Amino acid sequence: EIPDSVTSIGDRAFAGCWNLTTVRIPESVKKIDIHAFYDCKNLSTVYLPTSMKTIPAQIFVDCKSLTRYSIPGSVETIGERAFMNTGLESIIIPLNVKYIEENAFARCENLKKVPIPSTVEKIESGAFEGCTNITDVYINVKFKDLRLLAEIFGFGSHLFTSDNLDECKAFHWT
């Protein structure tokens, strides 16, 4: 357990800690650097501070046992490659999220459902690229642009079975 006296977690602080299964980051932590939990293959449960505004870039890359995650309600930005190549099967993106950065969920091959709340203002290129098992995308109509969605989910994605996105069964417009 991380003590309450800790205020920041440095670059690669826990990288490669294969025995780490659960981490509870106290509210005292105000800064988490890149790759903090990189390649923690058995990390399955994470509790981030409820006051956190940004999921840091590349924080959980290659955490294959991280299959479900509920992002804290305070989060406004999901950083670049934050969950790249994790074992995520489902994700809950809260209403406060405004930005999903490049490759945030790329190569999450087990991800099946992607609910994107109407509060999201920008989703960067490749955010869900390589997520080959997505069956349902719940998305606001403001993203109803084939080129933009092709960049978000990766060009040539299996999701694009028609030039008319209304006919793509994976997309559910909200």
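Here is a short report on the structure shown in this document. (Residues numbered from 1 in each chain as written. Predicted model: local features only at pLDDT ≥ 70, side-chain atom pairs only at ≥ 80, totals over all residues. Heavy atoms only, no water.)

Before going further, it helps to spend a moment on the overall build of the protein chain. Scanning the protein chain from terminus to terminus reveals 1 helix and 13 strands. Relative to its 174 residues, the protein chain shows a buried fraction of 47%. Restricting to contacts in the protein chain with at least 6 residues of sequence separation, those with at least 24 account for 25%. Element-wise, carbon and sulfur atoms account for 49% of the exposed surface of the protein chain, whose accessible area totals about 8,400 Å². (Helix = DSSP H or I, 4+ residues; strand = E, 2+ residues; numbered from the N terminus. Buried < 20%, exposed > 50% of the residue type's maximum accessible area, 1.4 Å probe, protein only. Contact = heavy atoms within 4.5 Å. Areas by Shrake-Rupley, 256 points an atom, 1.4 Å probe, with all protein chains shown as cover.)

Turning next to the packing of aromatic side chains. The final tally for this structure, using the stated rule, is 7 aromatic pairs. Here the aromatic rings of F37 and F60 are separated by 5.9 Å at their centres, their planes lie at 25°, and the arrangement is stacked. Of the two residues, F37 sits in the loop between β3 (31–32) and β4 (45–47) while F60 sits in the loop between β5 (54–55) and β6 (68–70), which places them 23 residues apart along the sequence. Each member of the pair, F37 together with F60, is buried. Between the aromatic rings of F83 and F105, the centroid separation amounts to 5.3 Å while the plane-to-plane angle is 0°, which identifies the pairing as stacked. Here F83, found in the loop between β7 (77–78) and β8 (90–92), pairs with F105, found in the loop between β9 (99–100) and β10 (113–115); they are 22 residues apart in sequence, far enough to count as distant. We classify F83 as buried; its relative accessible area is 0%. (Phe/Tyr/Trp six-rings, centres within 6.5 Å; stacked < 30°, edge-to-face > 60°.)

The subject of this paragraph is the nonpolar core. Among the nonpolar cores identified, the biggest contains 44 residues, and F37, F60, I78, F83, I100 and F105 are the most heavily contacted of them. Excluding residues within four positions of it along the chain, F37 makes contact with F14, L20, V23, I25, L43, I59, F60, V61 and C63. (Core = buried A, V, L, I, M, F, W, Y, C linked by side-chain atoms within 4.5 Å.)

Let's shift gears to the side chain of T77. As for its position among the elements, T77 is in strand β7. Classification of T77 as buried rests on a relative accessible area of 14%. Among residues more than four places away in sequence, those in contact with T77 are K53, T54, I55, Y99 and E101.

As enumerated under the stated definition, the model contains 5 salt bridges in all. The shortest N-O distance in the salt bridge between E89 and R68 comes to 3.3 Å. Of the two residues, E89 is situated in the loop between β7 and β8 and R68 in strand β6; the sequence distance between them amounts to 21 residues. Looking at R68, the relative accessible area reads 54%, which means it is exposed. With a closest N to O distance of 3.0 Å, K113 and D136 form a salt bridge. Linking K113 in strand β10 with D136 in strand β12 (residues 136–139), this pair joins segments that are 23 residues apart in sequence. Exposure remark for K113: the relative accessible area of 42% places this residue in the partly exposed category. (Salt bridge = Lys/Arg side-chain N within 4 Å of Asp/Glu carboxyl O.)

With a phi close to 60°, R12 is a non-glycine residue in the positive phi region. Following the sequence through the fold, R12 ends up in the loop between β1 (8–9) and β2 (22–24). Take R12: its relative accessible area is 42%, and that puts it in the partly exposed class. One non-glycine residue, D62, lies in positive phi territory at about 65°.

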